[in-house]
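Overview (structure and organization)
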Amino acid sequence: MAELKGKSASEVVSLTRGLGILRAFRAIDAPLGNKEIAERTNLPKATVARLSYTLSKMGYLRQMGSSGRYHLGDKVTALGHALLRTMPVRRVAEPLMQAMADKYEMSVALGIGDGADMVYLHYCSGPETVTMRLRVGTLVPIAQSAIGRAYMWALPEEASERHMQAIRAAAGDTADTVEADLRQQIEQVDQRGFSVSFGDWRREIFAVGAPVWLDRGETILALNCGARRRGLEKAHFFETLGPELMALSSELGNRMDQLQASFWDA
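Right, let's talk about the overall build of the protein chain for a bit. Per the secondary structure count, the protein chain includes 8 helices and 8 strands. Looking at the protein chain residue by residue over its 266 residues, the buried ones come to 47%. In the structure as shown, the protein chain presents an accessible area of about 13900 Å², 52% of it carried by carbon and sulfur atoms.

Here it is as C-alpha cells:
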C-alpha cells in the first residue's frame, strides 16, 4: 500500500516538474541547455537532464543537433490545446463526479490519453472510500484500465492506432498479447456501452469506464468509477455502476453543450 502511494506521488511530482520545464521556454528564446533550464526552474541539473531527455523522447522537446540544447517540440501545441479544452469541463464535471463518488463510496476520475497512458485531469472520492487515493496527474495504463479501454473505444481509428503503437512499445515482448487483449476489451464496450477492469491494472481494484465526447466529438475524454474490491460483486459494476457512469457522461456532455451555447449567445 505504501509502495503504491509512493509510486503515485512520484508520478505526480515528475509530471509537475516536467510541466515546469516546458514553461521555462519562452516564445522569443533561443534553444536552452540543461543549465539554463535548471536556473529557471530551480531544479537540480541532474533532474533537469533526466526529464529533458524523457520529454525529448516523448516529442515535447526537440534537441538541436549535438549541442545538447532544446527547443519546444511540435507535440507541445497539441498538449496545450488539449489541456485548454479540458479546463472548463473539470469545473462542470466536479459536482457530477463528486455526487457519484459520495453515493457509492468510490473514486471517480476524468482523464485524457497520452501515449500508452491516461492522465487524470480530475479526481473525486467519497469521504470513506477504500481506494489508493489517486490524484490529478496520476498516470494509469490504457491497456489494463477501464478508463483507458473506454477512451480507446471512442477514438477515431487514426488516433486509436497511434495510442496502440505507444502501448505496444511500452509492452515490449508481450506487445502481441497486450494488444490482442485490449482489442477484445474494446469490442466488449460495443455490447455494453462501458468498459470494465477487474484486477487487470491493480489486482485489488475493480472499475468501470465510459467515454466522454465534447466539442461535437472533437475532444474525447473518459471517466472511471472504481474502488478496492473488498466486498464488491462484479454484478454491481455491470448492473449499476456502468449504466450510471454512462448517464454521468451523457449529462456532462449536455452541460458542456449548454455552456458553449450560452457563450456564443452572449
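Our focus in this paragraph is the sheet that holds strand E4 (residues 117-125). Spatial strand order, E5-E4-E3-E8-E7-E6: 6 strands in an open sheet with antiparallel pairing. With partners counted over all chains shown, the strands left at the sheet margins are strand E5 (139-141) and strand E6 (195-198), one partner each. Across the sheet, the mean angle from the axis of one strand to that of its neighbour is 35°, orientation sign disregarded. The pairing of strand E3 (residues 107-114) with E4 spans 8 bridges and is antiparallel. Paired with Gly-111 across the strands is Tyr-120, a residue of E4.

A separate point is unusual backbone geometry. Positive phi, close to 60°, is recorded for Asn-42, a residue that is not glycine. The topology assignment puts Asn-42 in the loop between helix H2 (34-41) and helix H3 (45-58). Positive phi values are uncommon outside glycine, yet Glu-105 reaches one of about 50°.

This part covers the packing of aromatic side chains. Enumeration over the complete set of coordinates arrives at 6 aromatic pairs. On the numbers, 6.0 Å between centres and 15° between planes, the contact of Tyr-120 with Tyr-123 is stacked. Ring plane angle 65° and centroid distance 4.9 Å describe the contact between Phe-198 and Phe-206, whose orientation is recorded as edge-to-face. Since its relative accessible area comes to 5%, Phe-206 is described here as buried. The positively charged end of Arg-192 is found above the aromatic ring belonging to Phe-194, 5.7 Å away from the centroid.

With that settled, the discussion passes to helix H5 (residues 146-154). Counting buried residues along H5, 8 of its 9 residues qualify, which places the element largely inside the surrounding structure. Regarding H5, the residues found buried are Ala-146, Ile-147, Gly-148, Arg-149, Ala-150, Tyr-151, Met-152 and Ala-154.

On to the side chain of Ser-52, then. Within the element layout of this structure, Ser-52 appears in helix H3. Discounting chain neighbours no more than four positions away, the residues touching Ser-52 are Ile-21, Asn-34, Ile-37, Leu-61 and Tyr-70.

As a further point, take H2. Among the residues of H2, those classed as buried are Asn-34, Ile-37, Ala-38 and Thr-41. Down the axis, H2 shows its buried residues gathered within 100° of arc, on one side only. Opposite its buried face, H2 presents the exposed residues Lys-35 and Glu-39, each directed more than 90 degrees away. Asn-42 sits one or two residues past H2 and shows a positive phi near 60°.

Right, let's get into the packing of H5 against helix H7 (residues 175-192). Angle between the axes and distance between the axes are the two parameters that describe a pair of packed helices. Where H5 meets H7, the closest approach of the two axes is 9 Å, and the angle between their N-to-C directions is 75°. On the basis of their axis angle, the class for H5 and H7 is roughly perpendicular. Contacts from Arg-149, Met-152 and Trp-153 of H5 reach H7 at Asp-181, Leu-182, Gln-185, Ile-186, Val-189 and Asp-190. Residue classes in the contact of H5 with H7 are distributed as 5 nonpolar, 1 polar and 3 charged.

The subject of this paragraph is the side chain of Asn-224. The topology assignment puts Asn-224 in strand E8 (residues 219-228). A polar contact is formed between the side chain of Asn-224 and the side chain of Tyr-120, at a distance of 2.9 Å. Those residues in contact with Asn-224 that lie beyond four places of it in its chain are Ser-107, Val-108, Ala-109, Tyr-120, Ile-147, Val-208, Gly-209 and Leu-245.

Moving on, we come to the packing of H2 against H3. Relative orientation of the contacting elements H2 and H3 amounts to 115°, with a least axis distance of 9 Å. Here H2 lies roughly perpendicular to H3, going by the angle between them. In the crossing of H2 with H3, the sense of the turn from one axis to the other is right-handed. From H2, Asn-34, Lys-35, Ile-37, Ala-38 and Thr-41 reach across to H3, where they touch Lys-45, Val-48, Ala-49 and Ser-52. Taken together, the residues of the contact of H2 with H3 sort by class into 4 nonpolar, 3 polar and 2 charged.

Conventions we followed
Residues numbered from 1 in each chain as written. Predicted model: local features only at pLDDT ≥ 70, side-chain atom pairs only at ≥ 80, totals over all residues. Heavy atoms only, no water. Helix = DSSP H or I, 4+ residues; strand = E, 2+ residues; numbered from the N terminus. Buried < 20%, exposed > 50% of the residue type's maximum accessible area, 1.4 Å probe, protein only. Areas by Shrake-Rupley, 256 points an atom, 1.4 Å probe, with all protein chains shown as cover. Pairing = 2+ DSSP bridges. Axes fitted to C-alpha atoms, helices over the stretch in contact; angles between N-to-C directions. Phe/Tyr/Trp six-rings, centres within 6.5 Å; stacked < 30°, edge-to-face > 60°. Lys NZ or Arg CZ within 6 Å of the ring centre and 35° of its normal. Contact = heavy atoms within 4.5 Å. Arc of directions from axis to C-beta. Parallel < 35°, antiparallel > 145°, perpendicular 65-115°, else oblique. Nonpolar A, V, L, I, M, F, W, Y, C, P; charged D, E, K, R; others polar. Polar contact = N/O pair within 3.5 Å; in protein donor to acceptor, adjacent residues only side chain to side chain. Left-handed = near helix turned anticlockwise from the far one by under 90°.

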